[in-house]
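Read off the chains here:
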Amino acid sequence: MNFNRVWAVTYKEWREIFRDRLFFAMAFVLPIGIFLAVGFGISFDVEKINFAVLDQDNTATSRNFLHRLMDSRYFDYKGHVQSERELDPLLADSDIRFAIIIPPRFEEQLLSGQTTSVQSLIDGVFPYRAEVAKGYISAIIANFNEQSLVTHSVSKFGITKQQAMAQVSPVRLESRYLYNQALRSQWSISSGFMMLVLMVAPPFLTALGVVREKENGSIYNIYASTISRSEFILGKLLPYLLISCLNIIILWWLVMTIFGTPFKGHPFFYYLASVIYVICTTGVGLVVSLLVRTQVAAVMLTIVISFIPAMLYSGLLVPIESMGTETQIESHLFPTLYFLRVTWGSFLKGLGWAELWFDVAALVFYAILLWVIGFLNFHKRPSE
Amino acid sequence: MNNHDFLLWWERIIAMTLKELKQLFRDPVLLLIIAYFFTLDVYMAGSGINLSLRNASVMVIDHDHSAASRELIYRFRPPYFDFKGEITGKNEAEALLNKGRILAVLDIPENFQRHLLQGLPEAVQFQVDTSNTVLGTLATVYAAEITAGFGQDFAGKRTDMNTGQMAVLPLIQNRYRVLYNPNRIDSWFMSIMELLTVTTMLSMMLPAAAAVREKERGTIEQLAVSPLSSLQILFPKVISMGMVILFGVSVCLFFIIIPIFDLPVKGSISLFFAVTALFVFTTSGIGLFIATISHSLGQVTMLVILLLLPIILLSGAWTPPEAMPQALQWAMYISPLYYYNEMSYAILLKGAGIDVLWDSILSLTALGAVFFNFGVWRFRRQFG
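Residues numbered from 1 in each chain as written. Chains lettered and ligands numbered in written order. Predicted model: local features only at pLDDT ≥ 70, side-chain atom pairs only at ≥ 80, totals over all residues. Heavy atoms only, no water.

*Asks:* Hey, could you run me through the overall build of chain A in this one?
*Replies:* Along the backbone of chain A there are 15 helices and 5 strands. Its C-alpha atoms give chain A a radius of gyration of 29 Å, clearly above 21 Å, the size a compact globule of 384 residues would have. Along the longest, intermediate and shortest principal axes, the C-alpha atoms of chain A span 95 × 50 × 40 Å. Taking all 384 residues of chain A together, the buried fraction comes to 60%. Contacts in chain A between residues at least 24 apart in sequence constitute 76% of all its contacts with a sequence separation of at least 6. (Helix = DSSP H or I, 4+ residues; strand = E, 2+ residues; numbered from the N terminus. Rg over C-alpha atoms; globule rule 2.2 N^0.38 Å. Buried < 20%, exposed > 50% of the residue type's maximum accessible area, 1.4 Å probe, protein only. Contact = heavy atoms within 4.5 Å.)

*Asks:* It is not clear to me how the overall build of chain B should be interpreted in this structure. Could you clarify?
*Replies:* Helix and strand counts for chain B stand at 15 helices and 5 strands. C-alpha extents for chain B along the principal axes are approximately 95 × 45 × 40 Å. The contacts of chain B with a sequence gap of at least 6 include a subset with a gap of at least 24, amounting to 78%. Within the structure as shown, chain B displays about 15,900 Å² of accessible surface, and the carbon and sulfur contribution to it stands at 61%. In chain B, which carries 27 positive and 29 negative side-chain charges, the distance between the mean positions of the two groups comes to 6 Å. (Areas by Shrake-Rupley, 256 points an atom, 1.4 Å probe, with all protein chains shown as cover. Lys, Arg positive; Asp, Glu negative; His and termini not counted. Charge placed at Lys NZ, Arg CZ, Asp CG, Glu CD.)

*Asks:* Even after reading the chapter, I still don't get the interface of chain A and chain B, so can you show me in this structure?
*Replies:* Interface size, as often reported, equals the accessible area lost upon joining of the parts. Opposite the 108 residues of chain A that make contact, chain B presents 110 residues. Summed over both sides, the interface between chain A and chain B buries roughly 9,900 Å², with carbon and sulfur atoms accounting for 65% of that surface. Linking chain A with chain B are 2 salt bridges. In this structure, Asp129(B) and Lys349(A) form a salt bridge, with 3.3 Å as the shortest nitrogen-oxygen distance. Run the count over chain A and chain B and you get 5 residue pairs in polar contact (both at pLDDT 80 or more). Take the side of chain A that touches chain B: its biggest share by element is 16 residues, from helix α6 (residues 127–157) of chain A. (Buried area = accessible area lost by both parts, 1.4 Å probe. Salt bridge = Lys/Arg side-chain N within 4 Å of Asp/Glu carboxyl O. Polar contact = N/O pair within 3.5 Å; in protein donor to acceptor, adjacent residues only side chain to side chain.)

*Asks:* I keep staring at the packing of aromatic side chains and nothing clicks. Help me out?
*Replies:* A full pass over the atoms with the stated rule returns 51 aromatic pairs over all chains. Ring centres of Phe76(B) and Phe126(B) lie 5.9 Å apart, and the angle between their planes is 35°; this geometry places the pair in the tilted category. Separated by 50 residues along the polypeptide, Phe76(B) in the loop between α3 (67–74) and β2 (81–86) and Phe126(B) in strand β4 (residues 122–129) bring together distant segments of the chain. Overall, the relative accessible area of 0% leaves Phe126(B) in the buried class. An aromatic cluster is defined as three or more aromatic residues linked by ring pairs; in this entry it consists of Phe51(A), Tyr74(A), Phe75(A), Tyr77(A), Phe98(A) and Tyr136(A). Looking at Arg229(A), its charged tip hangs above the ring of Phe375(A), at a distance of 4.5 Å from the centre. (Phe/Tyr/Trp six-rings, centres within 6.5 Å; stacked < 30°, edge-to-face > 60°. Lys NZ or Arg CZ within 6 Å of the ring centre and 35° of its normal.)

*Asks:* How should the packing of helix α11 (residues 267–291) of chain A against helix α12 (residues 295–312) of chain A be read in this particular structure?
*Replies:* The description of two helices packed together rests on the angle between their axes and the distance between the axes. Residues and elements named next belong to chain A. Contact geometry for α11 and α12: axes closest at 10 Å, N-to-C directions at 135°. Viewed along their axes, α11 and α12 adopt a mutual orientation that is oblique. Crossing hand, α11 versus α12: right-handed. Side by side, α11 and α12 meet where Val284, Val288 and Leu291 of the first sit next to Ala298, Leu301, Thr302 and Ile305 of the second. Looking at the contact of α11 with α12 residue by residue, the class counts come to 6 nonpolar, 1 polar and no charged. (Axes fitted to C-alpha atoms, helices over the stretch in contact; angles between N-to-C directions. Parallel < 35°, antiparallel > 145°, perpendicular 65-115°, else oblique. Left-handed = near helix turned anticlockwise from the far one by under 90°. Nonpolar A, V, L, I, M, F, W, Y, C, P; charged D, E, K, R; others polar.)

*Asks:* It is not clear to me how the sheet that holds strand β4 (residues 116–123) of chain A should be interpreted in this structure. Could you clarify?
*Replies:* Taken together, the 5 strands give an open sheet; going across it, the order is β2(A)-β1(A)-β3(A)-β4(A)-β5(B), and neighbouring strands pair in mixed fashion. The strands lining the two open edges of the sheet, one partner per strand, are β2 (75–80) of chain A together with β5 (172–179) of chain B. Neighbour to neighbour, the strand axes of the sheet diverge by 25° on average, direction disregarded. Looking at chain direction, β4(A) and β5(B) are connected through 8 bridges and run parallel. Following the sheet pairing, Ile122(A) is matched in β5(B) by Val178(B). On top of the sheet, helix α3 (residues 60–71) of chain A reaches β1 (49–55), β2, β3 (98–102) and β4 of chain A together with β5 of chain B; it is set at about 165° to β3(A), its chief contact. (Pairing = 2+ DSSP bridges.)

*Asks:* Help me understand the domain arrangement of chain B, please; the structure alone is not making it clear to me.
*Replies:* Here the domain parsing of chain B yields domain 1 (3–49 + 184–383) and domain 2 (56–166). If you average the C-alpha positions of domain 1 of chain B and of domain 2 of chain B, the two centres end up 50 Å apart. (Domains from an automatic or database assignment.)

*Asks:* I'm lost on the pattern of salt bridges in this one. Help?
*Replies:* Any two side chains of opposite charge can pair, so long as their charged atoms come close to each other. Taken as a whole and assessed by the stated rule, the structure comprises 20 salt bridges over all chains. Notably, a salt bridge pairs Lys350(B) with Asp123(A), separated by 3.0 Å at the nearest N-O pair. Placement of the pair is Lys350(B) in helix α14 (residues 336–350) and Asp123(A) in strand β4, with the two residues belonging to separate chains. The burial state of Lys350(B) is the same as that of Asp123(A); both residues are buried. The closest approach of N and O atoms between Glu213(A) and Lys236(A), which form a salt bridge, is 2.6 Å. Separated by 23 residues along the polypeptide, Glu213(A) in helix α8 (residues 185–216) and Lys236(A) in helix α10 (residues 229–257) bring together distant segments of the chain. Here Glu213(A) matches Lys236(A) in class, with each residue buried. Among the ionic contacts, a cluster of salt bridges with common partners joins Lys12(A), Glu13(A), Glu16(A), Arg212(A), Glu213(A) and Lys236(A).

*Asks:* Honestly, the domain arrangement of chain A in this entry has me stumped. Any pointers?
*Replies:* Looking at the assigned domains, one finds that chain A contains domain 1 (3–43 + 184–377) and domain 2 (49–168). Here the C-alpha centroids of domain 1 of chain A and domain 2 of chain A sit 49 Å apart.

*Asks:* How do you make sense of the packing of α12(A) against helix α8 (residues 186–217) of chain B when you look at a structure like this?
*Replies:* The interhelical angle for the contact between α12(A) and α8(B), taken along N-to-C directions, is 160°, at an axis separation of 12 Å. When the axis of α12(A) is compared with that of α8(B), the two are roughly antiparallel. Between α12(A) and α8(B) lies a crossing of right-handed hand. Between α12(A), through Gln295(A), Val296(A), Val299(A), Met300(A), Ile303(A), Ile308(A) and Leu312(A), and α8(B), the contact on the second element is made entirely by Met190(B), Glu194(B), Met201(B), Leu202(B), Met205(B), Ala209(B) and Glu216(B).

*Asks:* Could you clarify how one ought to interpret the pairing of β3(A) in this entry?
*Replies:* Consecutive side chains along a regular strand alternate between the two faces of the sheet. Residue and element names in this part refer to chain A. Most of β3 is tucked away, with 5 of its 5 residues classed as buried. Residues of β3 alternate between two faces, with Phe98, Ile100 and Ile102 on one and Ala99 and Ile101 on the opposite face, all of them buried. Where β1 lies against β3, 5 bridges are found, and the strand directions are parallel. Residue leucine 54 lies in a different strand from β3, and its bridge partner there is isoleucine 101. Bridge analysis of β3 against β4 gives 4 bridges, and the strand direction is antiparallel. Its bridge partner being in β4, isoleucine 101 is matched across the sheet by glutamine 119.

Written out as structure tokens, the structure reads:
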């Protein structure tokens, strides 16, 4: 391999990127733009759930109960309605996500020591949110029950408050959130999106860069020159690789400053793993560029093989454990899964080489595989 | 405008529409990709993706080894949890959690049963890996419900109250009903969302690509000297691509979503298609605007991706508007997908009609008029 020739191609490519101002801006704006959009746009924190109330009892007890819902930071009270029929359009138009109906004789039954029930109607369009909302409502009701049972037992059996408490709810669950103590979805999502952005942006730039030469016809200069195919591929891809290596640092900085995500791992290890991952995704762009002839097709194909798997099959939004067996196998075929483990391991769990070596090895394997496929399928003598 | 002019105007539109369709049908790669998006892609998103907790691995540190602790452990079982066995110490638990082998560890203290029998309050610890927020949140919610249920049953047994006698205590029971998707089937939500995403992407990309291709190849000059007005050049691109997209949507709905995922269509299908047509028209206005500011297909695709991400993420599908920061809530009101997204779920799953959705339809129409006119105006300034 003649490094002068590699350097010549790299220099030419660099000048070309630099002179196409839109493309150059895109090389940095695209990843940062994607990152900020998804980082702010996707949140799994279920908070401020809109709800409406139908209070058929309208007594001190029912108001006291409802205040617990209204005062919770998870719920956002939107108003009272007078009849059940009024709830349907509110739910259908997504003005509220759930409604709570308090039956008549609510207070009377509770004061006379009887069991009563409230009905909650939950919008189930997004099942995850419905499930969590249901959990919150149950927790508030359980808490209310606990207190009313305690007062009831104290007055009826003449025991102390503590004894009553132990009878009513003998076991408490103390949850400890590991790695993401505040259970802030932005911590995991923002760091996880490094994986997504570095999967999407490098192949885009690379594929467009190579296909542009094909579409313009300037690739024939390369076909006719003395440069070997490995020299061309290496030289051509180096600038894109460099841009991506720079983008890693920018994204990393954004994750830590804007989203306030802590980094607990080893910076050198993580940077090294990221560079391997970027080599891998640049290879994806190379393979895409060999399959297509036009820039539109290049972009579409990149979306198909990088964006969608990265979004859906990496474990970022959808936990691997809850996928079907078939999908689980599929998701192990994409490098995104391994890099996500490295990313979350480094950012949130403070893991290093000892725990993550297998994932890094998988990335190295993908990088080599993709570049070899790219090399073998790039021909200086096109078939047509 | 007399009758003859009117006919001529439409003849030109039809002729141009046919030209656009022919051009599209001669690009087999692009057609294949469009077909992929409307069939396999939606199928994969709907079938593989599951945002619920299924068989989450739990291990237990049981310091008590009593009937009570075994009873509690026994309750951590499928569908939500999968009890994977016992471990002895905290170090082992941490190692397993770090490696991601298990999701949670339940820690039962010594004298658990004795304290319970003496009526002393007890606490069990539940350590959850929350690097994936969805899993972490759901696991905590379910574990809290399980423990509370165990505690109540245990207290009931201890005071010799069976469930029948519980009815004489002042308790509120939560009778919840999950509307629209009572079995909480994720594939309904996911497949519709994927269909909407695909529609958005294509309705921006295809008209923009059709317009900029003319610029890139120079055929725009031929059109500019022809007797066609700017509107007659641009509108057929929107009509033809709109037709292709509507056809794709109907294939997806009638051959993938309804038969495979058993989606019960509650509302009017024709209203859904009318809304889809309106939405395609609106977003194609954005596409035309992109076409006027870019010079090549490469630039178009980059701009489309850059705009597409915020549009998707501000659609309210992943994060409902009420959970967004205030500034982003305002931004959502100018995102056409926000209205389309809400209306699609409302029509397909909730059975809403025009009486509920008229305000969203009006907003989308207004946005469409603004976007489309702006696109045509820019184009006319460039070539008029």
